[in-house]
Amino acid sequence: MMGKTAHTEIQKEASMVLQKEMIGNHFKLLSQAKAQGKKVVYTFVPGNLNELIRSFGMLPVHPEINALQSAMRKLSGGYILEAEKYGHSEDVCTYVKCDIGMLKMGNIGPLGEKLPPPDLLLLSYTGCFTFMKWFEILRKEYNCPTVMLHIPYQSDGKVTPSMLKYVVNQLREEVVPALEKVSGVKYDESKLQTMLESSARTENDLVYIWETGKNKPSPIDAYFGGVYYIGPIFTAFRGLPECEEYYKQLRAEVDFRVENKLGPMTPEGILKKEKYRLVVEGPPNWTSFREFWKMFYDEGAVVVSSSYVRVGGIYENGFRHDPKRPFETQAEYCFGCYTNLNLPMRISLLEKSIVDYEADGFLINSIKSCNSFSAGQLLILRELESRTHIAGGFIESDLVDPRYFGAANIKNRLESYFQMIDANRGLKTSPSKR
Ligand code: SF4
């Protein structure tokens, strides 16, 4: 059910319909790929080289997107049980188990069409060790070529010239030759540059959209709504004209809400009254996504900024894909993914969001099976509390395993947290600008 205001309803639906069509077409193309002689590359969202893959005429598949889409359609529970039958333990990241279970049960994608096997596994390794183990499993299953782009972790919080050179060399000497070999197509720099130019334009639009969260009321929800907003740019579409179209449409819808001082669109229409402005750290739960979101909007809680929507790239600090330096820019993009940032960088990013977006609170959704996000979250909580003088909230759930979403428990904790914000109102001043 959408909003009652006809005009906004139509606007909101336009970008959602557009995105749905884009995703549907992509899965259709994938299902026909083998018959049409198209080559397929499996790769991950963080550090994805979409423009490069596309410049060879290849189609990307993102296993973690299949997992979350399966969860939203209530398919992941069965896939996870199937993977556990094959010995994947309870502690393994549930995206991996969902993917393996889906594969073992026929590799039917979340939209009901069969997924093609990969012609190449392209692993951009951006900070999460699970990525590597996941593709090791897939390599055994598919027995196909694999290429790894190793991105050094930003342990010191900076990218040195030798780190950059190391990644650029891998791109030139390993990744491009692997793509040439599998696709049978020669590397075409001008084609890549055209796509990188397009990417920069969509990145501008995405930053513009995030920044509108500074308005009061915020016209966007940068977590629940935000996961839709990052769909095209972080998956198969960055660098393509339809991606630019999507962000133009979305931007127009958000602008309309800013001009009319409207809150974000929720599944039950436009939020009437913004009561709490939150910053959220950690991925959302996908198996009960709507129920989870409702716990927020029913209380008038809006997420004005979140770290999860930076998982496929951070652009607020000025990074844009630069077509003039195609290799360096792709390397810099991979270095900057959230999973590749050290804890102090993550804390500073969150602190800046709390201050810049004038948040009333911040909340950590600690994901049972995602070590990459969850390790250090209690430290993040304490540090943010001491820097901002705002008490943080902490809830626990999982990505795609329905067994780990305790609705009553999460709701209780959220309600207590909102009551605490109420109680603290008036006692606290806004976080000081640093
Ligand atoms: S552990 Fe976390 S970051 Fe790593 S693959 Fe799983 S969900 Fe992604």
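About the cut-offs
- Residues numbered from 1 in each chain as written.
- Predicted model: local features only at pLDDT ≥ 70, side-chain atom pairs only at ≥ 80, totals over all residues.
- Heavy atoms only, no water.
- Pairing = 2+ DSSP bridges.
- Helix = DSSP H or I, 4+ residues; strand = E, 2+ residues; numbered from the N terminus.
- Axes fitted to C-alpha atoms, helices over the stretch in contact; angles between N-to-C directions.
- Contact = heavy atoms within 4.5 Å.
- Buried < 20%, exposed > 50% of the residue type's maximum accessible area, 1.4 Å probe, protein only.
- Polar contact = N/O pair within 3.5 Å; in protein donor to acceptor, adjacent residues only side chain to side chain.
- Domains from an automatic or database assignment.
- Buried area = accessible area lost by both parts, 1.4 Å probe.
- Salt bridge = Lys/Arg side-chain N within 4 Å of Asp/Glu carboxyl O.
- Nonpolar A, V, L, I, M, F, W, Y, C, P; charged D, E, K, R; others polar.
- Expected span 1.5 Å × (residues − 1).
- Arc of directions from axis to C-beta.

Looking at the sheet that holds strand 2 (residues 59-61)
1) Next: Strand order across the open sheet formed by four strands is 2-1-3-4, with parallel pairing between neighbours. The two strands at the open ends of the sheet, each matched to only one other strand, are strand 2 and strand 4 (146-150). Ignoring which end each strand starts from, the neighbouring axes of this sheet average 25° apart.
2) Next: Its contacts with the sheet put helix 6 (residues 129-142) on strand 1 (40-43), strand 3 (120-125) and strand 4, and the angle it makes with strand 3 is roughly 170°.

Some thoughts on the environment of Arg 346
1) Next: Examined against the element boundaries, Arg 346 turns out to sit in helix 14 (residues 343-356).
2) Next: Since its relative accessible area comes to 3%, Arg 346 is described here as buried.
3) Next: Distance from Arg 346 to Ile 380, taken between C-alpha atoms, is 8.2 Å for residues 34 residues apart in sequence.
4) Next: In contact with Arg 346, other than residues within four places in its own chain, are Tyr 153, Tyr 338, Thr 339, Leu 341, Ser 372 and Phe 373.
5) Next: Among the polar contacts made by the side chain of Arg 346, one reaches the main-chain carbonyl oxygen of Thr 339 at a distance of 3.3 Å.

Observations regarding the domain arrangement of the protein
1) Next: Once the domains are mapped, the protein shows domain 1 (14-186) and domain 2 (192-433).
2) Next: Here the C-alpha centroids of domain 1 and domain 2 sit 23 Å apart.
3) Next: At the junction of the two partners, domain 1 supplies 58 residues and domain 2 supplies 56 residues.
4) Next: Around 4,600 Å² of area is buried between domain 1 and domain 2 when both sides are counted, 64% of it from carbon and sulfur atoms.
5) Next: Counting every contact that joins domain 1 to domain 2 gives two salt bridges.
6) Next: Notably, a salt bridge pairs Arg 238 with Glu 51, separated by 2.6 Å at the nearest N-O pair.
7) Next: Elements represented by at least two residues in the side of domain 1 that touches domain 2 include exactly helix 1 (6-32), helix 2 (50-55), helix 3 (63-72), helix 4 (76-85), helix 5 (94-104) and helix 7 (161-183).
8) Next: Considering each element in turn, the side of domain 1 that touches domain 2 owes the most residues, eight residues, to helix 1.
9) Next: When grouped by side-chain class, the residues that make up the side of domain 1 that touches domain 2 number 33 nonpolar, 16 polar and nine charged.

Regarding the environment of Asn 66
1) Next: Here Asn 66 is to be found in helix 3.
2) Next: Given a relative accessible area of 4%, Asn 66 falls into the buried group.
3) Next: In this structure, Asn 66 is in contact with Phe 27, Val 61, Met 102, Pro 110 and Leu 115, ignoring residues within four places of it in sequence.

Remarks on helix 17 (residues 407-424)
1) Next: Its 18 residues place the ends of helix 17 26 Å apart at the C-alpha level, agreeing with the 26 Å of an ideal helix rising 1.5 Å per residue.
2) Next: Among all positions of helix 17, only Ile 410, Leu 414, Tyr 417, Phe 418 and Ile 421 are buried. Axial view of helix 17: buried residues confined to an arc of 95°, hence all on one face. Exposed residues pointing more than 90 degrees away from the buried face of helix 17 are listed as Ala 408, Gln 419 and Ala 423.

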